Amino acid sequence: MVDFAGWEMPLNYGSQVSEHKQVRQHAGLFDVSHMSVIDIAGPQAQAYLRILLSNDVIRLDEPGRAMYTGMLNEKGGVMDDLIVYRMASGYRLVVNCATRQKDLEWLQKQADTFDVELQERPELAILAVHGPESIARVCALLEVSDADIVAGLRNFRAAQLGDRFIARTGYTGEKGLELILAPDDALCFWDCLVADGVSPIGLGARDSLRLEAGMNLYGHDMDETISPLAANMEQVVAWEPVERQFIGRQAVEQHKSMQQEGKLPMLTGIVLEDRGMLRQGQKVLTDKGEGVITSGGFSPTLGHAIALARIPLDSTTCQVEIRDKWVAARIVKPNFVRFGKKVE
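Sequence order sets the numbering: in each chain, residues are counted from 1 along the sequence as written. The model is predicted, so local features are restricted to residues of pLDDT at least 70 and side-chain atom pairs to those at 80 or more, both for listing and for counting; the totals for chains, interfaces and linings are taken over all residues. Processing note: side-chain calculations cover all non-hydrogen atoms of the structure and skip hydrogens and water entirely.

Observations concerning the overall build of the protein
- Secondary structure elements follow DSSP: runs of H or I of four or more residues count as helices, runs of E of two or more count as strands, with numbering from the N terminus. Helices and strands together make up the secondary structure of the protein, namely eight helices and 21 strands.
- The C-alpha atoms of the protein give a radius of gyration of 20 Å, which matches the 20 Å a tight globule of 344 residues would have.
- Dimensions of the protein, computed from the C-alpha atoms along their principal axes, are close to 55 × 50 × 35 Å.
- Each residue is assigned to one of three classes by its accessible area relative to the maximum for its type, calculated with a 1.4 Å probe on protein chains only: buried under 20%, partly exposed between the two thresholds, exposed over 50%. By the burial criterion, 53% of the 344 residues in the protein qualify as buried.
- Long-range pairs, those at least 24 residues apart, make up 69% of the contacts in the protein between residues at least 6 apart in sequence. Radius of gyration means the value over C-alpha atoms here, while the globule rule gives 2.2 Å times the residue count to the 0.38 power. Contacts are residue-level and defined by heavy atoms, with any inter-residue pair within 4.5 Å sufficient.

Encoded structure:
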């Protein structure tokens, strides 16, 4: 057990590599109740979120739709990355636990000029079930009518089933579900899934799974000083319509100009196929200049070290400083594994 932003969390339940492979090959169960659920309602909820978030919630044109987005400061830095869901009565945000307090303060500050109601939901638990068998395992515990709905969910879709909220979202690069539940219901799901052979998964495998999938970790791959354009997150910036002035837009437009001039670094993937380990903070030297590894580790699926690194734009070759020696590495797209298979 380790401290994780004030929560006591399991690093692993047994073998981290076995837990990782269980998710890639079968199904794994994560308790992610440390993340914060914030519901937003009121006549100006949509207008409020269109200013607050870099992606445009107007695209969530019906209840049950979801999107990945950034929440930026005025300088265009990433205050948090999060999922926003359209609900029947408003919107639901799921934010990182390490940024919970500053997120709540920022949300409330921006809400002062809008007719909206913010409600944090600390009484709710969140379970994530991921892997090729995950949806079938969850559906086996549901009533037939609910199971049919969940089985038919597409990516970034969700369903409110009584007091249960079940979504096709996650953080592993595998198909799967996230369940937002009352605590007693979550305990029942947990016990039933474990009894059915679904392995509990700790923080260690959660990190290696998200790294293989090329998914950012807040505080490592981006933070309040990093533009989403320098964090491989341009997909969370909705440029159209041009009249939507979300917080940080002017700064990110300047970042876009810098990017086009080659003056903004990029977040990309690095592979070390020889012996050695890639870790956060290691220096990277490319044909265009210096950079740094933001997340790194061993890939159980690929059998060698991988990393995300922020390096000069248009770099084509690189070396990594490992134990005072420069070791050749290869630059790749920041997406190493999807659905259990190597991505090239």
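Things to note about the pattern of salt bridges
- Here a salt bridge means any side-chain nitrogen of Lys or Arg lying within 4 Å of a carboxyl oxygen belonging to Asp or Glu. For the coordinates displayed, the defined rule picks out 19 salt bridges.
- Between Glu212 and Arg24 there is a salt bridge, and its shortest N-O distance comes to 2.9 Å. Here Glu212 is found in helix α7 (residues 203-212), whereas its partner Arg24 is found in helix α1 (residues 16-25), with 188 residues between them in sequence. Just as Glu212 is buried, Arg24 falls in that class too.
- Of the charged contacts in the structure, one is a salt bridge between Glu120 and Arg100, with a shortest N-O distance of 2.7 Å. Of the two residues, Glu120 sits in strand β8 (residues 117-120) while Arg100 sits in helix α3 (residues 100-111), which places them 20 residues apart along the sequence.
- Taken together, the salt bridges that share partners define one network made up of Asp39, Arg92, Arg121 and Glu123.

Let's talk about the sheet that holds strand β7 (residues 90-95)
- Strand order in the open sheet made by the five strands is β5-β6-β7-β4-β8, with antiparallel pairing throughout. This sheet does not close on itself; its edge strands, each paired only once, are β5 (66-72) and β8. For this sheet, the mean inter-axis angle between neighbouring strands, taken without regard to orientation, is 30°.
- Where β5 lies against strand β6 (residues 78-87), seven bridges are found, and the strand directions are antiparallel. The partner of Met71 across the bridge, within β6, is Asp80.
- Here α3 sits on the sheet in contact with β4 (36-41), β5, β6, β7 and β8, set at roughly 165° to β8. Strand pairing is defined by DSSP finding a minimum of two bridges between the two strands. Only the contacting stretch of a helix is used when fitting its axis, a line to C-alpha atoms as for every element, and angles between N-to-C directions run 0 to 180 degrees.

Here we look at the packing of aromatic side chains
- A pair of aromatic rings is counted whenever rings of Phe, Tyr or Trp (Trp by its six-membered ring) have centres within 6.5 Å, and the orientation is called stacked for planes under 30 degrees apart, edge-to-face for over 60 and tilted otherwise. Here the structure, examined in full by the defined rule, presents three aromatic pairs.
- Look at Tyr85 and Phe165: their rings are 5.0 Å apart centre to centre, the planes differ by 85°, and that puts the pair in the edge-to-face class. Of this pair, Tyr85 sits in strand β6 while Phe165 sits in strand β11 (residues 164-167); the two residues are 80 residues apart in sequence, bridging distant segments of the chain.
- Here Phe165 falls in the buried class, since its relative accessible area comes to 3%.
- The cationic tip of Arg92 hangs over the ring face of Phe165; the distance from NZ or CZ to the ring centre is 5.1 Å. Sitting over a ring, as applied to charges here, requires NZ of Lys or CZ of Arg to be within 6 Å of the ring centre and within 35 degrees of the ring normal.

What about the sheet that holds strand β18 (residues 318-322)?
- Strand order in this closed barrel of six strands is β14-β17-β16-β15-β18-β19, and the pairing throughout is antiparallel. Neighbour-to-neighbour, the strand axes of the sheet open up by a mean angle of 40°, direction not taken into account.
- Pairing of β18 with strand β19 (residues 325-332), which is carried by five bridges, proceeds in the antiparallel orientation. Within the sheet, the bridge partner assigned to Val320 lies in β19 and is Val327.
- Strand contacts of α7: β16 (289-299) and β17 (304-311), with the helix running at about 125° to β16, the strand carrying the most contacts.

Here we look at the environment of Asp39
- You can see Asp39 is positioned in strand β4.
- On the basis of relative accessible area, Asp39 is assigned to the buried category, the value being 14%.
- C-alpha separation for the pair Asp39 and Leu93, spaced 54 residues apart in sequence, amounts to 6.3 Å.
- Sequence-distant contacts of Asp39, that is, excluding residues within four places in its chain, are made with Tyr91, Arg92, Glu117, Leu118, Gln119 and Arg121.
- N or O atoms within 3.5 Å of each other form a polar contact, as long as, within protein, one can give a hydrogen and the other can take it, and as long as residues adjacent in sequence are counted only when both atoms are side-chain atoms. A polar contact is formed between the side chain of Asp39 and the side chain of Arg121, at a distance of 2.9 Å.

A closer look at unusual backbone geometry
- Put simply, Glu240 and Pro241 share a cis peptide bond, and its omega is -5°.
- Here Pro241 is to be found in the loop between α7 and α8 (249-260).
- Its identity as a non-glycine residue notwithstanding, Asp324 has a phi of 70°, on the positive side.
- For Phe339, which is not glycine, the phi torsion reads 55° and is therefore positive.
- Mapped onto the elements of the fold, Phe339 is located in the loop between β20 (337-338) and β21 (341-342).
- Its relative accessible area of 51% is what places Phe339 among the exposed residues.

Brief notes about helix α2 (residues 45-52)
- Turning to α2, its buried residues number three or more, namely Ala45, Tyr48, Leu49, Arg50 and Leu52.
- In this structure, the buried side of α2 is in contact with β4, β5, β6, β7, α3 and β8.

Looking at the packing of α1 against α7
- The interhelical angle for the contact between α1 and α7, taken along N-to-C directions, is 50°, at an axis separation of 8 Å. Classified by the interaxial angle, the pair formed by α1 and α7 is oblique. At the point where α1 passes α7, the crossing takes the right-handed sense. The residues of α7 that touch α1, namely those facing Gln16, Glu19, His20, Val23 and Arg24, are Gly204, Ala205, Ser208, Leu209 and Glu212. Here the word oblique covers every angle except those under 35 degrees (roughly parallel), over 145 (roughly antiparallel) and from 65 to 115 (roughly perpendicular). A clockwise turn of the near helix away from the far one marks a right-handed crossing, whereas an anticlockwise turn of less than a right angle marks a left-handed crossing.

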